[in-house]
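# Notes for the structure review
Listed below, chain by chain, are the residues.
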Amino acid sequence: MSKGTQSTDTLDQQVQLLKDKKNIILQGAPGTGKTYTTASLAVRLCNPSFTEPGDHAKVMEEYERLREEGQIGFCTFHQSMDYEDFVEGLKPEIQDGHVTYKVEDGIFKRICDKASKAKGKEVTDHDKIDIIACIDDYLQKIKGYENRQEIPTISGSSSIYVWWNEGKKAINIRTTRPRKDKGEQYSPSQPSIEAIKKQALGKEKRNPHKDYKEAFIEAVKKEYQGKGRTSIKPYVLIIDEINRENISRIFGELITLLEADKRTGGGAHPIKVTLPYSKESFSVPSSLYIIGTMNTTDRSTGAIDYAVRRRFAFITLETSRQVIEASIQDKGVQAKALALFDEINGKGTDDKTSFIATHQAGDFDLEDLKVGHSYFIAKDLPELQRKMRYEVIPLLREYIKDGILQAKEGDGEYFSAWERGECHSPEQAVESEAPSEDKE
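Please read these numbers as outputs of a predicted model, since none were measured by experiment.

### Notes on the packing of aromatic side chains
Taken as a whole and judged by the stated rule, the model has 13 aromatic pairs. For the pair Y138 and F216, a centre-to-centre distance of 5.6 Å together with 70° between the ring planes defines the contact as edge-to-face. Separated by 78 residues along the polypeptide, Y138 in helix α6 (residues 131–141) and F216 in helix α8 (residues 210–224) bring together distant segments of the chain. The exposure class assigned to Y138 is buried, which follows from its relative accessible area of 4%.

What follows is the structure, given as structure tokens:
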């Protein structure tokens, strides 16, 4: 398990919430994995057949692919961001020596336009099918043996059963007559999903199970073609630090259009507005999803007003010892990291002896003040020491400076010990002395 990794069940629950609400905000203390979780959610939503949600490198590789293709958009809210940057505005340009102004689309309008065009694309022939999106959607229809589909073979002389077990990289295929000695779910042919997609795009060079793959592809095309249906292709806009600027001001009149039932292409009460600069009729498509991130200790959280909160669902990511345990292989480094985590954050929700608990000030919840688990994940002791010196201690000093933690006599002794990768408390230090796996 990598940094920030969640269970597939938890991830799927969050994806379902995103599908239902259309807009969610991941909130939590710094270092709780918000940025990586947004990537995991976006990948899981855009590519349901992605089979390795626990592999950090592969998740980010797929995320980057989807971002380059325009299916995922990313921006960060900041004090200079405004409606003109986000939706549309007038931008100056020089023409024949004179300054003129043209309407320029912002990131939100651009991704809405992409989603609207993809959603409204009629599937009338094979060339217009977004075959990869259709394969991903079809896999959801045949998820589990109980949802198997009977499809014809290429020759049309017989038929086969196809189904997909979630999390697997291949589909299952067998004849409609099972072998009595093997059971109903025995499938001698299991072409990989990646190979099927390559064949659908004409890029497959190796061709085992060629006829079965072709039969599956034809079944997908038949399912989505000629019925007046549209290809289903979700788009995701990630807004990092969404509470760093006034959301209502940036979205302007479009804030109402964010609600699920006000979306076009699926909402019960779709609404369109006329944009102020281009005078175009504009709506937010149901196939666009928004994921925001928010640090709970940020003083600008007041920008999240009630009108915005009604339109977003909030998911809180908490600090986790389990992620540290799963991410550090060296047992000695792991023990030191866990001991530091416990001394700073506490051994549990009821621990009132931790640094955070004894320094708590103001009206922030204890969980909001904790140092996230990613700050404690290191491959060796020098890296752990660097993280403590240049990341954790400056973060806590900033909290003290802002008044959300109170300074106390003896803080310097804590910081000096942590810079060495050691605990200040003797009790915690004893727990951190487990031998390293690299030492004999």
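### Overview of the sheet that holds strand β5 (residues 149–152)
An order of β5-β6-β7 is seen for the three strands of this open sheet, with the pairing classed as antiparallel. Each having just a single partner strand, β5 and β7 (172–175) make up the two edges of the open sheet. Strand-to-strand twist in this sheet, taken as the mean axis angle between neighbours without regard to direction, amounts to 35°. On top of the sheet, α8 reaches β5, β6 (159–163) and β7; it is set at about 110° to β5, its chief contact.

### Quick notes on the pattern of salt bridges
For the structure shown, the criterion picks out 24 salt bridges. Across the pair E259 and R311 runs a salt bridge, and its minimum N-O distance is 2.9 Å. Remark: R311 occurs in the loop between α10 (306–309) and β12 (313–316) and E259 occurs in the loop between α9 (247–251) and β9 (273–274); sequence separation between them is 52 residues. Given the relative accessible area of 24%, E259 is considered partly exposed. Taking the shortest distance from any N to any O, the salt bridge between E383 and K379 comes out at 3.5 Å. Relative accessible area serves as the criterion here: at 18%, E383 is assigned to the buried category. Each of D12, R44, K143 and E166 takes part in one network of salt bridges that share partners.

### Side note on the confidence of the model for the chain
Residues with a pLDDT of 70 or more make up 90% of the chain, whose mean pLDDT is 85. Confidence, expressed as mean pLDDT per element, reaches its minimum in the chain at helix α17 (residues 426–431) with 54 and its maximum at strand β8 (residues 235–240) with 96. Within the model, pLDDT remains below 50 along residues 434–440, and this stretch shows twelve contacts once partners closer than five positions in the same chain are excluded.

### Remarks on the packing of helix α1 (residues 8–21) against helix α2 (residues 34–46)
Two numbers describe how α1 lies on α2: the axes approach to 10 Å, and their chain directions differ by 70°. Classed by the angle they form, the pair α1 and α2 counts as roughly perpendicular. Facing α1, whose interface residues are T8, L11, D12, Q14, V15, L18 and K19, α2 presents T37, S40, L41, R44 and L45. A class-by-class count of the residues in the contact of α1 with α2 yields five nonpolar, four polar and three charged.

### Regarding the sheet that holds strand β1 (residues 23–28)
If you walk across this open sheet you meet the five strands as β2-β8-β11-β1-β12, and the pairing is parallel. Looking at strand neighbours, the two that pair on one side only are β2 (72–76) and β12, the edges of this open sheet. Direction aside, the axes of adjacent strands within the sheet are offset by 20° on average. The sheet strands contacting α2 are β1, β2, β8 and β11 (288–295), and the helix crosses β11 at an angle near 170°.

### Concerning the environment of K91
Tracing the chain through its elements places K91 in strand β3 (residues 88–95). Its relative accessible area of 23% is what places K91 among the partly exposed residues. Between the C-alpha atom of K91 and that of E104, which follows or precedes it by 13 residues, the distance is 6.4 Å.

Conventions used here
- Residues numbered from 1 in each chain as written.
- Predicted model: local features only at pLDDT ≥ 70, side-chain atom pairs only at ≥ 80, totals over all residues.
- Heavy atoms only, no water.
- Phe/Tyr/Trp six-rings, centres within 6.5 Å; stacked < 30°, edge-to-face > 60°.
- Helix = DSSP H or I, 4+ residues; strand = E, 2+ residues; numbered from the N terminus.
- Buried < 20%, exposed > 50% of the residue type's maximum accessible area, 1.4 Å probe, protein only.
- Pairing = 2+ DSSP bridges.
- Axes fitted to C-alpha atoms, helices over the stretch in contact; angles between N-to-C directions.
- Contact = heavy atoms within 4.5 Å.
- Salt bridge = Lys/Arg side-chain N within 4 Å of Asp/Glu carboxyl O.
- pLDDT = per-residue confidence, 0-100.
- Parallel < 35°, antiparallel > 145°, perpendicular 65-115°, else oblique.
- Nonpolar A, V, L, I, M, F, W, Y, C, P; charged D, E, K, R; others polar.

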